[in-house]
Amino acid sequence: MDPELQQAFNDQIALELSSSYAYLQMAAWFEARDLVGFASWMRAQWTEESAHATKFIDFVLDRDGEVVLQALTAPQSSFGSPLDVIEHAHAHEQRVTASIGALYALAQARQDYSSLPLLGWFLNEQVEEESSVRQIVGELRLIGDDSSALLLLDRELPARRGRVGDAQA
Ligand SMILES: [Fe+2]
Ligand SMILES: [Fe+2]
């Protein structure tokens, strides 16, 4: 593998693991506030991001590259509201999308065409992830300070993970 591309894949592995870590922290934040549906949704994301990291790790190994894991920084743990948490998650997903886009451009520039199908899969995945998080942002904005509506959404969220057509990593 091209050394710079290999480094970029290793950076992406670290970013996926950071995502996983961040979602686990967000799950704990919701659990502590008795919003168990949100917590369950966040835990599902935690698992999924961990699977994303593994998918990249397997790919680097299949390409005879070297995987080097990096230190993870502590995720943000203090939030003002459920909306604040979900907006944070949305911004994070946008950052991940940009990172995969840059990786795709680098693979193209290095004529590493074998990387493109995997990176294309991840770009599709990011469209779905950004969309599902953005929907929750919108719903929480509509909910405002209505606790009853917040509890209804909390009950409904876990079922959303199993929606037909959802990409399961
Ligand atoms: Fe991911
Ligand atoms: Fe994600």
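Small disclaimer: the values here were computed from a predicted structure and weren't measured. (Residues numbered from 1 in each chain as written. Chains lettered and ligands numbered in written order. Predicted model: local features only at pLDDT ≥ 70, side-chain atom pairs only at ≥ 80, totals over all residues. Heavy atoms only, no water.)

1. Overview of the overall build of the chain
Scanning the chain for helices and strands turns up 5 helices and 0 strands. In terms of principal-axis extent, the alpha carbons of the chain reach across some 55 × 30 × 20 Å. For the chain, the residues scored as buried account for 40% of the 169 residues in total. Across the chain, the fraction of contacts at a sequence separation of at least 24, relative to all contacts at a separation of at least 6, is 79%. Looking at the chain as shown, the accessible area adds up to about 8,700 Å², and 52% of this sits on carbon and sulfur atoms. Charged side chains of the chain number 12 positive and 26 negative; the gap between the two group centres comes to 3 Å. (Helix = DSSP H or I, 4+ residues; strand = E, 2+ residues; numbered from the N terminus. Buried < 20%, exposed > 50% of the residue type's maximum accessible area, 1.4 Å probe, protein only. Contact = heavy atoms within 4.5 Å. Areas by Shrake-Rupley, 256 points an atom, 1.4 Å probe, with all protein chains shown as cover. Lys, Arg positive; Asp, Glu negative; His and termini not counted. Charge placed at Lys NZ, Arg CZ, Asp CG, Glu CD.)

2. Quick notes on the packing of aromatic side chains
In this structure the tally under the stated criterion is 7 aromatic pairs. Look at Phe30 and Phe38: their rings are 4.7 Å apart centre to centre, the planes differ by 15°, and that puts the pair in the stacked class. Note on Phe30: relative accessible area 0%, which makes it buried. A connected cluster of aromatic rings, assembled from ring pairs, spans Phe9, Phe56, Phe59, Trp121 and Phe122. The cationic tip of Lys55 hangs over the ring face of Trp121; the distance from NZ or CZ to the ring centre is 4.1 Å. (Phe/Tyr/Trp six-rings, centres within 6.5 Å; stacked < 30°, edge-to-face > 60°. Lys NZ or Arg CZ within 6 Å of the ring centre and 35° of its normal.)

3. A word on the side chain of Glu93
Along the chain, Glu93 falls in helix α3 (residues 82-109). In contact with Glu93, other than residues within four places in its own chain, are Tyr23, Glu49, Gln126, Glu129, Glu130 and Val133.

4. So, the coordination of the iron ion (ligand 2)
Every protein donor of the iron ion (ligand 2) is accounted for by Glu49 (OE), Glu93 (OE), Glu93 (OE) and Glu129 (OE), and the metal-donor separations fall at 1.8 to 2.5 Å. Each of the 4 donor atoms around the iron ion (ligand 2) contributes to a set of angles spanning 54 to 144°, which defines the coordination as irregular. In the primary sequence, the donor residues of the iron ion (ligand 2) line up as E-x43-E-x35-E. The two metals, the iron ion (ligand 2) and the iron ion (ligand 1), are separated by 3.5 Å and share Glu49 as a common coordinating residue. (Donors = N, O, S within 2.8 Å, 3.2 Å for Na, K, Ca; no water. Tetrahedral: all angles 85-135°; square planar, octahedral: opposite > 155°, others 65-115°.)

5. So, the packing of helix α1 (residues 3-32) against α3
Running from amino to carboxyl end, α1 crosses α3 at an angle of 170°, the nearest separation of the two axes being 11 Å. In terms of axis orientation, α1 runs roughly antiparallel to α3. Residue composition of the contact of α1 with α3, by class: 17 nonpolar, 5 polar and 4 charged. (Axes fitted to C-alpha atoms, helices over the stretch in contact; angles between N-to-C directions. Parallel < 35°, antiparallel > 145°, perpendicular 65-115°, else oblique. Nonpolar A, V, L, I, M, F, W, Y, C, P; charged D, E, K, R; others polar.)

6. Focus: the coordination of the iron ion (ligand 1)
Coordination of the iron ion (ligand 1) by the protein comes from Glu16 (OE), Glu49 (OE) and His52 (ND1), over a distance range of 2.1 to 2.2 Å. All donor residues of the iron ion (ligand 1) come from one chain, and their arrangement in sequence is E-x32-E-x2-H. The buried category is assigned to Glu16, whose relative accessible area is 0%.

7. Describing the nonpolar core
Ranked by internal contacts, the top residues of the largest apolar core, which has 23 residues, are Met26, Phe30, Phe38, Met42, Ile86 and Leu140. Breaking this core down by element, the ones donating at least two residues are α1, α2 (36-62), α3, α4 (116-143) and α5 (147-160). With 6 residues, α1 is the single largest residue contributor to this core. Leaving out residues up to four positions away in the same chain, Phe38 has contacts with Phe30, Ile86, Ile136, Leu140, Leu150, Leu153, Asp154 and Leu157. If you look at the next biggest cluster of nonpolar residues, it comprises 17 residues, including Ile13, Val96, Leu116 and Leu119. (Core = buried A, V, L, I, M, F, W, Y, C linked by side-chain atoms within 4.5 Å.)

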